[in-house]
Amino acid sequence: HLFPNLLNARDFRTAASVLRESKLLAARVPGLTPEHLGRLDGFVAKLSEPAIVSQLLQSLDEAAALAGEAEVAEVLRELRASALEPVLSWIPSLSSPALRAVLEGVADRLASSHTEEVMRILRSKDSEALATVVTLCGRLGLHQAVPGLADTVVHSDPAVRLASVQSLALLGAAAALALIDKAI
């Protein structure tokens, strides 16, 4: 319950400190058992649980001026693959352009290093993040996402279909262009 409480209080300095110290303990204390290492890693991983990420982003959206603080950046750097979907879900509804830019950078980093999570979201037809992840695939040039975009190009939501065609056009690979031909 530590992270939700810290995030509700907008105490990003303490959250960043807890994350930093957890990582330092895991790296510097000799003789930690695998169980203890797992618990320390699990503590850091908890921050990336979708419910906690949503709470974090809501706190930031309500106090967007905090988005530029070093402690907030440190907390956001610790987000893992499981945070990608809630981050992408929040981006379109954010009220602050500065926060949107910060979170787009986080999403780009997560998507680039966790393409399996991108593919999972592309296969989730009901995901709130679907249109955003489709756009991200084109912007980042994620050619490995073309098979997932084959499904989104025929999605029931016109916004998802449009984003799919636009991303496939940006990708420009033969397979991507063949999917555009099918969509038309």
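Residues numbered from 1 in each chain as written. Predicted model: local features only at pLDDT ≥ 70, side-chain atom pairs only at ≥ 80, totals over all residues. Heavy atoms only, no water.

A. The overall build of the protein, seen in detail. The secondary structure content of the protein amounts to 12 helices and 0 strands. Each principal axis of the C-alpha atoms in the protein carries an extent, and together these give about 55 × 40 × 25 Å. For the protein, buried positions account for 43% of its 184 residues. Of the contacts made within the protein by residues no fewer than 6 positions apart, 66% connect residues no fewer than 24 positions apart. (Helix = DSSP H or I, 4+ residues; strand = E, 2+ residues; numbered from the N terminus. Buried < 20%, exposed > 50% of the residue type's maximum accessible area, 1.4 Å probe, protein only. Contact = heavy atoms within 4.5 Å.)

B. Spatial organisation of helix H7 (residues 97-113). For H7, spanning 17 residues, the distance from its first C-alpha to its last is 24 Å, which sits close to the expected 24 Å at 1.5 Å a residue. The complete set of buried residues in H7 reads Leu99, Leu103, Val106, Ala107, Asp108, Leu110 and Ala111. On its buried side, H7 packs onto helix H4 (50-62), helix H5 (70-77), helix H6 (84-90), helix H8 (115-123) and helix H9 (130-140). (Expected span 1.5 Å × (residues − 1).)

C. Summary view of the packing of helix H2 (residues 12-28) against helix H3 (residues 34-46). One can describe the packing of H2 onto H3 by two numbers: an axis separation of 9 Å at closest approach and a directional angle of 155°. Put simply, H2 runs roughly antiparallel to H3. Classified by chirality, the crossing of H3 by H2 is left-handed. Contacts between H2 and H3 involve Val18, Leu19, Ser22, Lys23, Leu25 and Ala26 from the first element and Leu37, Leu40, Phe43 and Val44 from the second. When its residues are assigned to classes, the contact of H2 with H3 shows 8 nonpolar, 1 polar and 1 charged. (Axes fitted to C-alpha atoms, helices over the stretch in contact; angles between N-to-C directions. Parallel < 35°, antiparallel > 145°, perpendicular 65-115°, else oblique. Left-handed = near helix turned anticlockwise from the far one by under 90°. Nonpolar A, V, L, I, M, F, W, Y, C, P; charged D, E, K, R; others polar.)

D. Unusual backbone geometry, seen in detail. We note that arginine 10 has phi near 55°; this positive angle belongs to a residue other than glycine. Tracing the backbone through its elements, the reader meets arginine 10 in the loop between helix H1 (2-8) and H2.

E. Broad picture of the confidence of the model for the protein. Averaged over the protein, the pLDDT score is 88; the fraction of residues at 70 or greater is 97%. Of all the helices and strands in the protein, helix H12 (residues 174-183) carries the lowest mean pLDDT, 72, while H6 carries the highest, 97. (pLDDT = per-residue confidence, 0-100.)

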